[in-house]
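Overview (structure and organization)
Letter by letter, the chains look like this.
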Amino acid sequence: MVTMGKHVVVGAGPVGLATVRELVAQGHEDVLLVSRSGHGDDVPGVRRVALDVADAAALTTLVEGASALYNCVNPPSYDVWSTWWPPVAEAFLVAAERTGAVLATASCLYPYGVVDAPMLEGQADLAQGVKGALRATMWADARAAHEAGRLRAVEVRGSDYLGPGVTMAHIPTVAPAALAGRSVRVFGRADVAHSFTDVRDMARTLVAVAARPDTHGRVWHAPTNPPRTQAEAVADVCRAAGREPVRVRPWPRALLGVGGLVVPVLREMRETVHQFERPYVLDSSLTERELGLAPTPWDDVCRATAATALGDVAHGAEVSEPV
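These remarks concern the structure in this document. Keep in mind that what you see is a predicted model, and the values were worked out from it rather than measured.

**With respect to the environment of Leu120**
- Mapped onto the secondary structure, Leu120 falls in the loop between β5 (102-107) and α4 (130-147).
- Between the alpha carbons of Leu120 and Leu282 there is a distance of 6.9 Å; along the sequence they are 162 residues apart.
- If we ignore the near neighbours within four places in the chain, the residues touching Leu120 are Tyr112, His221 and Asp283.

Dropping the structure here:
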């Protein structure tokens with residue numbers, strides 16, 4: 001079992017912050033939060049460290065003596081995934097193998113590819129797009145190393161994030177305008193079911209599986225509430241802040257084609273917009289049953305999302321660099 005040893009969390013975005021807070025709340029006293037700059041607001045009980053995570057030797061040195069290493073990093077933008085991820089993913093594998101620390105990775109649903117049914121743990125990774133295939137390869141490499149006995153690895157997948165500190169996701173991006181009473185536009189459709197995962201539930205699952213050897217070598221889904229449409233999610237966030245819901249309309253599909261000619265991020269979004277054009281549902285019943293975890297109540301998720309959009313740090317809306 002992973003007990004009160006050293007824990008190294010790489011990535012100071014919302015998931016990384018939620019993870020170090022969960023570790024501290026559970027009584028761990030040697031918790032490191034790693035980012036490129038090492039800067040950010042103080043988190044009680046946590047040491048901040050500056051490190052280039054692609055430097056395998058430096059990461060290995062930092063992780064020496066750790067019980068667990070948490071990969072909570074995210075590339076700075078979609079258009080650099082292909083060049084940014086490979087050396088970073090390799091560095092995590094090297095550090096985990098050389099130190100013996102459990103590698104617990106926060107991931108997404110992209111590896112599953114285009115799906116028409118609720119996504120379940122254990123189903124095949126069939127992504128054809130560059131980003132989905134890349135994340136699928138990352139897990140395949142980690143699982144192969146785990147099965148070969150070279151390291152211990154486990155992965156947690158969640159859907160689009162909501163909750164404290166989340167600003168650069170689909171609903172949080174439009175939440176400030178919605179809370180100001182303005183109508184908003186979203187990508188894809190506003191009326192199809194979509195799963196949203198609270199970053200605190202990602203953190204609780206990461207810490208839980210890192211501590212349980214019987215969970216290693218597998219993918220787990222973070223506990224996630226029943227799906228909502230984008231229009232419903234925006235309305236729920238508004239109501240959580242005591243505001244009236246606003247009109248939610250989709251951007252024209254052509255925007256990604258025309259805008260993608262000049263805006264790299266829009267070009268890259270063409271690969272993932274299908275997630276908002278058809279039902280995109282995560283099933284977390286296995287995690288809830290086997291690990292005894294439940295999703296944060298939806299009303300609480302919406303309140304935390306609204307608090308972040310309103311800049312209310314008192315409600316846990318700390319925003320930090322993503323890597």
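**Considerations on the packing of aromatic side chains**
- If you walk through the whole model with that rule in mind, you get four aromatic pairs.
- Ring plane angle 80° and centroid distance 6.5 Å describe the contact between Trp81 and Trp85, whose orientation is recorded as edge-to-face. Here Trp81 pairs with Trp85, and both are found in helix α3 (residues 81-99), just four residues apart, close to one helical turn. For the pair formed by Trp81 and Trp85, the shared burial category is buried.
- Note on Trp84 and Trp85: the rings are 5.1 Å apart at their centroids and 85° apart in plane angle, and the pair reads as edge-to-face. Considered together, Trp84 and Trp85 belong to a single accessibility category, that of buried residues.
- Through a chain of ring-to-ring contacts, three or more aromatic side chains come together here, namely Trp81, Trp84, Trp85 and Tyr110.
- Sitting above the plane of the Tyr112 ring, Arg157 keeps its charged end 4.8 Å from the centroid.
- Between the NZ or CZ atom of Arg185 and the centre of the ring of Trp251, over which it lies, the distance is 5.4 Å.

**Let's talk about helix α6 (residues 199-210)**
- End to end, α6 covers 17 Å across twelve residues, agreeing with the expected 16 Å (1.5 Å per residue, within 8%).
- Of all twelve residues making up α6, ten are buried, and the element is well covered by its neighbours.
- Among the residues of α6, those classed as buried are Val199, Asp201, Met202, Ala203, Thr205, Leu206, Val207, Ala208, Val209 and Ala210.
- If you check the start of α6, you find a side-chain oxygen 2.7 Å away from the backbone N of Arg200, and it comes from Asp198.

**A short note on the sheet that holds strand β3 (residues 46-50)**
- Read from one edge to the other, the open sheet built from seven strands follows the order β3-β2-β1-β4-β5-β6-β10, with strand pairing classed as parallel. The two strands at the open ends of the sheet, each matched to only one other strand, are β3 and β10 (219-221). Strand-to-strand twist across the sheet, computed as the mean angle between neighbouring axes with direction ignored, equals 20°.
- Strand direction decides the pairing type here: strand β6 (residues 153-157) and β10, joined by three bridges, are parallel.

**Notes on the nonpolar core**
- One finds Val8, Val10, Leu59, Val63, Leu69, Trp85 and Phe92 to be the most contacted residues of the largest nonpolar core, which totals 42 residues.
- Of all the elements in the fold, those that place two or more residues in this core are β1 (6-10), β2 (31-35), α2 (56-63), β4 (66-71), α3 and α4.
- Excluding residues that lie within four positions of it along the chain, Leu69 makes contacts with Val8, Val10, Val63, Phe92, Ala95, Ala96, Ala101, Val102, Leu103 and Ala104.
- Core analysis: the second largest hydrophobic core is formed by 34 residues, Val15, Tyr70, Val207 and Leu286 among them.

**Quick notes on α4**
- Taking 1.5 Å per residue as the helical rise, α4 with its 18 residues ought to reach 26 Å, and the 25 Å between its terminal C-alpha atoms agrees with that figure.
- Every buried residue of α4 is listed here: Lys131, Gly132, Leu134, Arg135, Ala136, Met138, Trp139, Ala142 and Ala145.
- Where α4 terminates, the next one or two residues include Gly149, which has phi positive at roughly 80°.

**A word on the packing of helix α7 (residues 230-240) against helix α11 (residues 298-309)**
- Between α7 and α11, the least distance of the axes is 8 Å, while the angle of their chain directions is 75°. With respect to α11, the element α7 is oriented roughly perpendicular. Contact residues: Ala233, Asp236, Val237 and Ala240 in α7; Trp298, Cys302, Arg303, Thr305 and Ala306 in α11.
- The class makeup of the residues in the contact of α7 with α11 is six nonpolar, one polar and two charged.

**Things to note about the pattern of salt bridges**
- Applying the stated criterion across every chain yields a total of 15 salt bridges.
- Between Arg189 and Asp191 there is a salt bridge whose closest N-O contact spans 2.9 Å.
- Look at Arg189 and you get partly exposed, because its relative accessible area is 41%.
- Its salt-bridge partner being Asp236, residue Arg228 comes within 2.9 Å of it at the nearest N-O pair.
- On the accessibility criterion, Arg228 (25% relative accessible area) is partly exposed.
- Here the salt bridges share partners, and the residues they tie into one network are Arg228, Glu232, Asp236 and Arg239.

Rules of the game
Residues numbered from 1 in each chain as written. Predicted model: local features only at pLDDT ≥ 70, side-chain atom pairs only at ≥ 80, totals over all residues. Heavy atoms only, no water. Helix = DSSP H or I, 4+ residues; strand = E, 2+ residues; numbered from the N terminus. Contact = heavy atoms within 4.5 Å. Phe/Tyr/Trp six-rings, centres within 6.5 Å; stacked < 30°, edge-to-face > 60°. Buried < 20%, exposed > 50% of the residue type's maximum accessible area, 1.4 Å probe, protein only. Lys NZ or Arg CZ within 6 Å of the ring centre and 35° of its normal. Expected span 1.5 Å × (residues − 1). Polar contact = N/O pair within 3.5 Å; in protein donor to acceptor, adjacent residues only side chain to side chain. Pairing = 2+ DSSP bridges. Axes fitted to C-alpha atoms, helices over the stretch in contact; angles between N-to-C directions. Core = buried A, V, L, I, M, F, W, Y, C linked by side-chain atoms within 4.5 Å. Parallel < 35°, antiparallel > 145°, perpendicular 65-115°, else oblique. Nonpolar A, V, L, I, M, F, W, Y, C, P; charged D, E, K, R; others polar. Salt bridge = Lys/Arg side-chain N within 4 Å of Asp/Glu carboxyl O.

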